[in-house]
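Structural overview
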Amino acid sequence: QVQLVESGGGLVQAGGSLRLSCAASASAVSSVAMAWFRQAPGKDRDFVATITWSGATYYAHSVKGRFTISRDNAKNTVYLQMNSLKPEDTAVYYCARSRTQRISLLAYEYDYWGQGTQVTVSS
């Protein structure tokens, strides 16, 4: 059973920073891409960022230049460093494991999801 456990969410003022972590069960994320998505109340789940096993990355336009995705393959952990946070970044953030090695922005190409961690940015 693949398990993804997110942590690091919380309440922060606009302009602040948070670092999210996603810990995966051993070998569950080997050789595949990982991603972060987010879902605000009343809205669809949106792509945020993705990273391949080799470290190639891709970001949603709304977070590019402010967020950084990274991974530590030895620890089976993926991170999302979020800087210059805005109130519109408020959402539940989900970690997801891809079915493939390639970059994808599509939620249906991710087969395992974490439980989510709440990020709230106050103005």
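For the structure, check the block above.
These remarks concern the structure in this document. (Residues numbered from 1 in each chain as written. Predicted model: local features only at pLDDT ≥ 70, side-chain atom pairs only at ≥ 80, totals over all residues. Heavy atoms only, no water.)

With respect to topology, four strands assemble into an open sheet ordered S1-S3-S8-S7, the strand pairing being antiparallel. Bordering the open sheet on either side are strand S1 (4-7) and strand S7 (67-72), each of which pairs with just one other strand. With direction set aside, neighbouring strand axes in the sheet form an average angle of 15°. Relative to strand S3 (residues 18-24), S1 runs antiparallel, the two sharing four bridges. Residue pairing for S3: valine 5 is matched across the bridge by alanine 23. (Pairing = 2+ DSSP bridges. Helix = DSSP H or I, 4+ residues; strand = E, 2+ residues; numbered from the N terminus. Axes fitted to C-alpha atoms, helices over the stretch in contact; angles between N-to-C directions.)

Counting residues in each nonpolar core, the largest one holds 33 residues, and the members touching the most others are Trp36, Leu80, Met82 and Tyr93. For this core, the secondary structure elements donating two or more residues are S3, strand S4 (34-39), strand S5 (45-51), S7, strand S8 (77-82), strand S9 (91-98) and strand S11 (117-122). In this structure, methionine 82 is in contact with Gly16, Ser17, Leu18, Leu20, Arg66, Phe67, Tyr93 and Val119, ignoring residues within four places of it in sequence. (Core = buried A, V, L, I, M, F, W, Y, C linked by side-chain atoms within 4.5 Å. Buried < 20%, exposed > 50% of the residue type's maximum accessible area, 1.4 Å probe, protein only. Contact = heavy atoms within 4.5 Å.)

Let us look at a nonpolar patch on the surface. Together, Tyr58, Ile103 and Leu105 make up an exposed nonpolar region whose accessible area comes to about 250 Å². Along the polypeptide, leucine 105 turns up in the loop between S9 and strand S10 (110-113). By relative accessible area, leucine 105 is classed as partly exposed at 39%. (Patch = residues over 30% accessible without salt bridge, like charges linked within 9 Å, V, L, I, M, F, W, Y side chains within 5 Å. Areas by Shrake-Rupley, 256 points an atom, 1.4 Å probe, with all protein chains shown as cover. Salt bridge = Lys/Arg side-chain N within 4 Å of Asp/Glu carboxyl O.)

For asparagine 76, which is not glycine, the phi dihedral falls at a positive 55°. Mapped onto the secondary structure, asparagine 76 falls in the loop between S7 and S8. Taking the relative accessible area as the measure of exposure, asparagine 76 reaches 14% and is therefore buried. Although it is not a glycine, serine 84 adopts a positive phi angle of roughly 50°. Position of serine 84 among the secondary structure elements: in the loop between S8 and S9.

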